[in-house]
Amino acid sequence: MSNSEIDPSAARRAHMPAPGKHLPISTYRLQLGPQFTFSDATAILPYLKRLGITDVYCSPILQAAPGSTHGYDVVDHRKISEEMGGQEGFEKFADAAHAAGFGVVVDVVPNHMAVPTPLYLNRALWSALRDGPDSKFANWFDVDITESENGILLPVLGERVGTVLAKGQISLDKMVVPGLESEGEKYVLRYFDHVFPVRENTESLPLIDMLERQYYRLAYWKVAEEELNYRRFFDVDTLAAVRVEDPEVFSVAHALLIDLYHRGYIDAFRIDHPDGLSNPRQYMERLYEATGGAWIAGEKILEGDEEIPSDWKVSGSTGYEVSWRIGAVLTDPVGTRTLTAQYVEMSGTIEPYHKIELEAKKQIVQTSLHAELERLTGIISEVCKEDLRLRDHSRRSIREALAALVVNLDRYRAYVVPGEKAPQLSETVIGEAAQRACAELNDDRRETLEVIVDIVLGHEIGSASKVHDDARNEAIVRFQQLCGPVMAKGIEDTAFYRYTALTSATEVGSDPMQANIDADNLHAWAQRMGAAWPAMMSALTTHDTKRGEDVRAQIATLTEFDEDWISLLTRLRARHANSRPAGLNGQIENLMWQTIIGTNTARGPIEIDRLLQYLEKAAREQKTWTTWTAPDGDAETGLYAYARDILSNPETLRDLAQWRERTLPALTSRILAQKTLALTLVGVADSYQGEEITRNILVDPDNRGTVDFQRLAQMLTKLEDGGSLPGDASLDEQKLWVTSKILQLRRERPDTFVSARSGYAPLPSTTGHAIAFTRTLDGTPDVVVVTDRLRHRLEQAGGWRESTVVLPRGTWRSIFTGTERKGGPVEIADLLKSLPVAVLKRIDATTDDETDAEAEGASAGKKE
């Protein structure tokens, strides 16, 4: 059954936690690690309580690799991170959170584990590498140890293995392995900081013979792109995929977290990268059943109008699609076109975005994910070789047709399950990708493509008796698991760094070709999602976003000052022409200028060291003139010198400060509008740590920097003690005031925002420069939200004049000012005179007749 055929009321009930289970209303994401422990998190609970948060949302808490600052590189599912405070520290934190009235949401990493240095820190992997098929962990990792030629590839050597051996850099040693002390001394192999297990009864062999007898193969790091034989997280060699689809692996890997859930220390879960799993639906169902129906949010990146499959046992996604639409509705389409033309001129690139995207994905499957493509090619080749009817499709033909199909898929996954009839949506998605792929293939390859499509969709092809054999089922799964990494690495980590026309639109879950939507589009989407997924997560900034919400807002503001920006940019480039390297890539230069303007604050521009660190990442992610594996040191040095010259020039610094001052009203409007929308539009509102005020953070690891919670607490206390927002409030104070008041309202009226009773309806207004809607409870308007939109364009058009919005029946009180209003037409200029956003709560139950009379009177007065 397709999403469109699902009964809305049934879908609403299906996408909520089980009755009696905890339901978050607003979450606050904390990036835990050695730099911010459970004790530190406990200390800020009073501040989060005053802020209005209902749930503390923790990054992964299980034991991670040494030095990890994010926790997604788990090494031991049986332990809570010692660096954060261990299990005792977590339980004390959870007890304190619950005592203060918070729920505790924990991020879960089911798809992969770390390949750490030293390896023995991951005892499951150590055992599998040492004991092979005899290990109790042999089935944990996504590689068949008994059949992998030369063992599991470990591409850790700095040079080719022959050179390393000639230099004597691999040696046999004996040691007591930490964590395995009861086994006594064991033989190990050493290579600098790396330690590897030795297969039993091979330690007496000559070194070369010993290496050949291991269940692993030590190799030069560059071999990974071509020969890696275990599934990874995207193209990260140090993150090995786990077979969580195995019930035993699922049980062991989740035992501690589920135990903490049932003992009342954890209340809900966020699931990292479910698209990497063999069967995401099965995984979600198992976790749902194991917890008795907990609230679960899946980190699903949705493309266009795609929705999470209706049969997943989750409450929704983590909200990238919300962030995209909020940014798009607040971006000016005219200015977007101007900036696109300027990008074309600066970069000399006339290729449309869709071609840049396609070329980037092709590059990825031929380079960093080539090993994964080869692995799937081998599986499909074996399927064809074993079937007389399919035998004439060569491996090369399969590889070329498969690559064309993968790069033309327009989403992360098509959700085909082995042994089940493919859903109609999956048939359509893969069929359309095949049509696009056909344009790149000759007739012979097109025939092979037809075979591949039938195999990955589970169709009957070739010999009927072989439709559901193990090899064909594996091909279905591996195809799903390849498409996601190609999308992520090809688009987010390549194309988005090449197409730099408007960098605020190149965000995770966004589409730069849909950088603009209108308010009607936003309303329609919010109504649809609120009806089907009322408890999904809504976010603006996450630990994975390319830029923080305020940086994106400042870049998007360029679209309202497009001609002025082009003029300023022309002057700045002329001023610094002597330091611009000859042949500088225009795409990276445009990204640099937008980054400088996007991170320009009242205190001045971004610190030069941070900018250079970001430019290194951005330039190498482009994968054109420099790369991570083959950096062009001279060209990079030239770029850095150019950036240093710009940020050290007093005249340029004055220009940047003047630009900030001139655009501040429009920027303020955009920052407050997007925050208000994110906190009221749909579902569980997530706030990333520190984003209750403005932050000029960029991509990971910049966005995991420390937050001055003491300063935030003092600022909030000062605002609360004053009782109202001062007239000279800074942008930080305005954002904190708006954020805290909305969060407090959500906590006060949870069912209006997140429940089977909550709803959404647009409100009529007489201008396209306002976004107005109501959040309803049982169909009755309970909260009204009005924000302005494109403030500078509004001012250019003469301001609000007599524009109105119609408030629903009843009496309404502003949560920001305390002002009360009756239902009916209200002048927007009056409603938004103190802030560019208004949130009103219903405070009475005025009868329909009374409100009708008030509305008629207001309308009559307006006509006079």
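None of these values were measured; they are calculated from a predicted model. All chains use their own residue numbering, which begins from 1 and follows the written sequence. Reporting of local features is limited, given that this is a predicted model, to residues whose pLDDT is at least 70; pairs of side-chain atoms are given and counted only at 80 or more, and all residues count toward the totals for whole chains, interfaces and linings. Water and hydrogen atoms play no part in the side-chain values, which are based on all heavy atoms of the structure.

### A word on the overall build of the chain
Numbering of helices and strands starts at the N terminus; helices are DSSP runs of H or I of at least 4 residues and strands are runs of E of at least 2. A tally of helices and strands in the chain yields 31 helices and 24 strands. The dimensions of the chain, computed from C-alpha atoms along their principal axes, are 95 × 65 × 55 Å. When burial is assessed residue by residue, the chain has 60% of its 864 residues classed as buried. Any two residues whose heavy atoms approach within 4.5 Å are treated as being in contact. Long-range pairs, those at least 24 residues apart, make up 73% of the contacts in the chain with a sequence separation of at least 6. Only carbon and sulfur atoms are counted for the fraction: they give 48% of the accessible area of the chain, which is about 32700 Å². His is not counted, nor are the chain ends; Lys and Arg add positive charge and Asp and Glu add negative charge. The atom standing in for a charge is NZ when the residue is Lys, CZ when it is Arg, CG when it is Asp and CD when it is Glu. Each charge sign in the chain was given a centre, from 96 positive and 129 negative side chains, and these centres are 2 Å apart. Per-residue accessibility, obtained with a 1.4 Å probe over protein chains only, is compared with the maximum for each type, and a residue is labelled buried under 20%, exposed over 50%, and partly exposed between these values. Only the protein chains shown count as cover for residues, and the accessible areas themselves come from Shrake-Rupley with a 1.4 Å probe.

### Some points on the sheet that holds strand β15 (residues 295–298)
Reading across the sheet, the eight strands line up as β16-β15-β14-β5-β2-β1-β18-β17 and stay open at both edges, with parallel pairing between neighbours. In this open sheet, the two edge strands, each paired with only one partner strand, are β16 (316–317) and β17 (537–538). Each pair of strands is called paired provided DSSP finds at least two bridges between the two strands. Two strands pair when backbone bridges link them, and strand β5 (residues 103–108) and strand β14 (residues 268–271) are joined in this way by four bridges, in the parallel orientation. If you follow V106 over to β14, its bridge partner there is F269. Running over the sheet, helix α4 (residues 86–99) touches β2 (55–58) and β5 and is turned about 140° from β5. Angular values range over 0 to 180 degrees, each being the angle between N-to-C directions of two axes fitted as lines to C-alpha atoms, with helices fitted over their stretch in contact.

### Section: unusual backbone geometry
Residue P118 is reached from T117 by a cis peptide bond, and omega for that bond is 0°. Within the secondary structure, P118 sits in the loop between β6 (112–114) and α5 (123–131). The peptide bond linking D700 to P701 adopts the cis configuration, its omega dihedral lying at 10°. Summarising the element assignment, P701 is placed in the loop between β18 (684–688) and α26 (709–722). Of note in this structure, N201 is not a glycine but carries a positive phi near 70°. With respect to the helices and strands, the residue N201 is situated in the loop between β10 (194–197) and α7 (207–213). Exposure remark for N201: the relative accessible area of 62% places this residue in the exposed category. In this structure, K623 takes a positive phi of about 60° despite not being glycine. Tracing the backbone shows K623 in the loop between α23 (608–622) and α24 (633–647).

### Notes on the confidence of the model for the chain
Predicted confidence across the chain gives a mean pLDDT of 93, with 94% of residues reaching 70 or more. Scored from 0 to 100, pLDDT records how confident the predictor is in each individual residue. Here residues 1–7 scores under 50 on pLDDT; set against residues more than four positions off or in separate chains, the count is seven contacts. Counting contacts from residues 846–864, a segment whose pLDDT is below 50, to residues more than four positions away or on other chains yields 18 contacts.

### Brief notes about the sheet that holds β10
Reading across the sheet, the three strands line up as β8-β9-β10 and stay open at both edges, with antiparallel pairing between neighbours. Bordering the open sheet on either side are β8 (171–176) and β10, each of which pairs with just one other strand. The sheet shows a mean angle of 45° between the axes of neighbouring strands, taken without regard to direction. Relative to β10, strand β9 (residues 185–191) is paired through four bridges, and the arrangement is antiparallel. Following the sheet pairing, R190 is matched in β10 by V195. Across the sheet, α5 is in contact with β9 and β10; its angle to β10 comes to roughly 55°.

### Here we look at the domain arrangement of the chain
The start and end points of each domain follow an automatic or database-based domain assignment. Parsing the chain into structural domains produces domain 1 (22–111 + 244–318), domain 2 (119–241) and domain 3 (354–495). Distance from the C-alpha centre of domain 1 to the C-alpha centre of domain 2: 31 Å. The partner domain 2 presents eleven residues to the 14 residues of domain 1 that form the contact. By definition, the buried area sums, over both parts, the 1.4 Å-probe accessible area that each loses when the two are put together. Between domain 1 and domain 2, roughly 1100 Å² of surface is buried when both sides are summed, and carbon and sulfur atoms account for 53% of that area. Contact with domain 2 buries surface across domain 1, with V75, N111 and V249 losing the most and accounting together for 38% of the total. We count a salt bridge whenever a side-chain nitrogen from Lys or Arg sits within 4 Å of a carboxyl oxygen from Asp or Glu. Between domain 1 and domain 2 we count zero salt bridges in total. For the purposes of these results, a polar contact is taken to be a pair of N or O atoms within 3.5 Å, where, inside protein, one atom must be able to donate a hydrogen and its partner to accept one; residues adjacent in sequence count only when each atom of the pair is a side-chain atom. If you look at where domain 1 meets domain 2, you find one residue pair in polar contact (both at pLDDT 80 or more).

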